[in-house]
Each structure stands twice: as C-alpha cells, then as structure tokens.
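Here is what each chain is made of, one letter per residue.
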Amino acid sequence: MDYENLVASRDGGVATIRLHRPKVLNALNGKTLDELCAALDAFEADPEVRVVVLTGDERAFAAGADIQEFAGQTAVDMLEGPRGRQWERIRAFSKPLVAAVSGYCLGGGCELAMLCDIIVAAETARFGQPEINLGILPGAGGTQRLPRAVGKHRAMELILTGRHITAQQAYEWGLVNRVVPPEVLLDEAYALAREIASKAPVAVRLAKAAVLRSLDTPLDVGLDYERRLFALAFATEDKEEGVRAFLDKRKPAFQGR
Ligand code: DAK
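These notes cover the structure that comes with them. (Residues numbered from 1 in each chain as written. Predicted model: local features only at pLDDT ≥ 70, side-chain atom pairs only at ≥ 80, totals over all residues. Heavy atoms only, no water.)

1. Quick word on the sheet that holds strand 6 (residues 104-106)
Thought 1: Spatially, four strands are ordered 4-6-8-9 in an open sheet, and the strand pairing comes out mixed. Each edge of the sheet is formed by a strand with only one pairing partner; in this case those strands are strand 4 (60-62) and strand 9 (164-166). Looking at each pair of strands side by side, their axes are set apart by 20° on average, direction ignored.
Thought 2: In terms of strand pairing, strand 6 meets strand 8 (residues 126-128) through three bridges, oriented parallel. Bridge pairing in strand 8 links C105 to F127.
Thought 3: Each of strand 4, strand 6 and strand 8 is contacted by helix 5 (residues 108-115), which is oriented at about 90° to strand 6, the strand it contacts most. (Pairing = 2+ DSSP bridges. Helix = DSSP H or I, 4+ residues; strand = E, 2+ residues; numbered from the N terminus. Axes fitted to C-alpha atoms, helices over the stretch in contact; angles between N-to-C directions. Contact = heavy atoms within 4.5 Å.)

2. As for empty space enclosed by the protein
Over the atoms rolls a probe the size of a water molecule, and its path tells where empty space is left.
Thought 1: Inspection of the entire model under this criterion finds one cavity of 30 Å³ or more.
Thought 2: The computed volume of the largest cavity comes to approximately 50 Å³.
Thought 3: If you go around the largest cavity, the residues you meet are V49, R50, V51, K95, P96, I196, A197, K199, P201, V204 and R205.
Thought 4: Counting only elements with at least two residues in the lining of the largest cavity, the list comes to helix 9 (185-197) and helix 10 (201-214).
Thought 5: With three residues, the top contributor of residues to the lining of the largest cavity is helix 10. (1 Å grid on protein atoms, 1.4 Å probe; cavity = no way out; pocket = protein on both sides within 12 Å on 5 of 7 lines; lining within 4 Å. Points joined across faces, edges and corners; volume = space filled by probe spheres on them.)

Here it is in structure tokens:
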C-alpha cells in the first residue's frame, strides 16, 4: 500500500512501518496517525505478519504530535476528534510491536514507543515528555505508562520539567530494552522480531494480551485471565506440535492454528 507519511513493507513474518515526515522530525499529524492505523489494520489482517517493527529515521523516531495542528484546536476537538480512536487502535494491535528508536522520541513519539512491546534504542535516542513546555500535559498515555515503566518519581521529573533523557538513562530507568550503536539499530530490532516471529503465533498473541493485562488489573484478576488464556493455548494445533517436537528432539513447525 502507498502512504504519504510512512513506508510499510513486509519481509517474511516481520513487517516494518517507518514513519516518514523528515522535515518535521516525524511529527504525528492526523494523516500520519490515520496511515499508521491503516497499516496496522492491514498487518493485523495478514496472517503472514507475525511481528511489526516500528521505526523512524536517524534524526527522529517522532518528535511528538504535530504542534502546527494544535494551534486553534479546542477542548472539544481533543475530546471528540479522531485522536482518541487512533491511539486506541494502536493500543489494540494484537501482534508484537518492536520499536526501533533513533534520535528524538518525544511527547506523542515517546507515548507511541511506550505502546510498543519492546523498545530498542540507538545511542543517539532522546526520550522525553515535553508537553509541559506547551502549557499542556501528555495526552496519549504518558502520565499513566511512564510511571509504570520508570516509577513515579522519575516520571514526575520528566513530565514536570519536560527534560529529555539519553538512551543510556532510559535504559538505566527501565524504559528501553537495550541500547545499541545507531548502525546496528535495525539489525538488533529485526533479530528480536525474527526470533519472536518464529514462535507459535497464537501463543505469542495470547502472551502479549496476558502481559498487557497485568498492567491494569489486580493480581487475582490477572492470574485468572492468564489461566484462561493458558487453557486456550491448549486448544491450538501449535501446542501439539510444540510439545511433540520437544519430545521428538526436533524443531517445531508452527502453523498459527
Ligand atoms: N510538531 C511540528 N513540527 C515540529 C515538531 C512537532 N512536534 N517538532 C519539530 N518540528 C519541526 C520544527 O518546527 C522544524 O520545522 P522548520 O522550522 O524547519 O519548518 C523542524 O521540525 C526541525 O525542528 P527544529 O528546527 O526545532 O530542530 P532542533 O534540532 O533544533 O530541535 C526538537 C529538535 C525535537 C528538540 C524541537 O524540534 C522540539 O522541541 N520539538 C517539539 C517537541 C515537542 O514539544 N513534542 C511534544 C508535542 S505535544 C493525544 C495524543 C497525543 C498527544 C496529545 C493528545 N490525544 C489522544 C488526545 C501528543 C502531544 C504531543 O506530542
């Protein structure tokens, strides 16, 4: 499919979405978010796609929402416009999302990375929630996901000062999985994505759903949810194949059923 502000492609089980508005550091305007949702819809529906890598370019993953668009927008636009639905779509994507982050990853860009399941950062990456400098606050989950990722006090520091942190600091705070030299950023992200893509696809989706549920439920509810999804995995042919392959001492050939 052709998009204006991103490039979407697939290689085997791994698809890639590369944000592409280089003149404005991949600022996330309505059209870009629409296209991102359309690409996710297409990848969700394509059974060949097992994992999606989301990336930007060297200078920016994304420098946040498009501030040009904010000028003149009202509270009602924020409440009733398409933004909420677009972010919900990204949140609901059922397959693993691996963010490969280089350069600026700010505001809505940082919130987008946090919606991904694994974050690989180049040494050049800079993370932050600078909305406070615009007289607003994070609006796509930053005040909720950042404290869950790095703890209350660190999240407060980032959100109340608007300061950026380095990739190394983000790693030390537990916001990203690993930090690598920029030239191997995509290699590292694809190695992870390919490894996940080789696993049983239904189990991978169930595992993603179960881990995400842990972040928004009390332990007993989460354990109950996990028990149900675990039982559901036993209804798949891939479970039979995985167990049989182990016992036969061979590699499993998962079919996604
Ligand atoms: N929007 C629009 N344009 C942007 C931009 C942005 N977020 N960030 C950068 N640009 C543009 C700049 O205006 C500049 O354009 P020209 O002047 O060349 O035309 C070009 O990109 C290059 O930027 P700079 O010249 O500023 O480059 P520097 O290297 O000097 O600085 C910077 C890079 C990233 C530090 C700086 O550009 C910057 O501070 N950018 C703004 C970052 C920011 O404040 N981001 C947070 C935006 S608020 C919601 C969902 C999401 C959100 C809210 C609600 N709902 C679901 C309700 C999200 C909100 C946000 O993200």
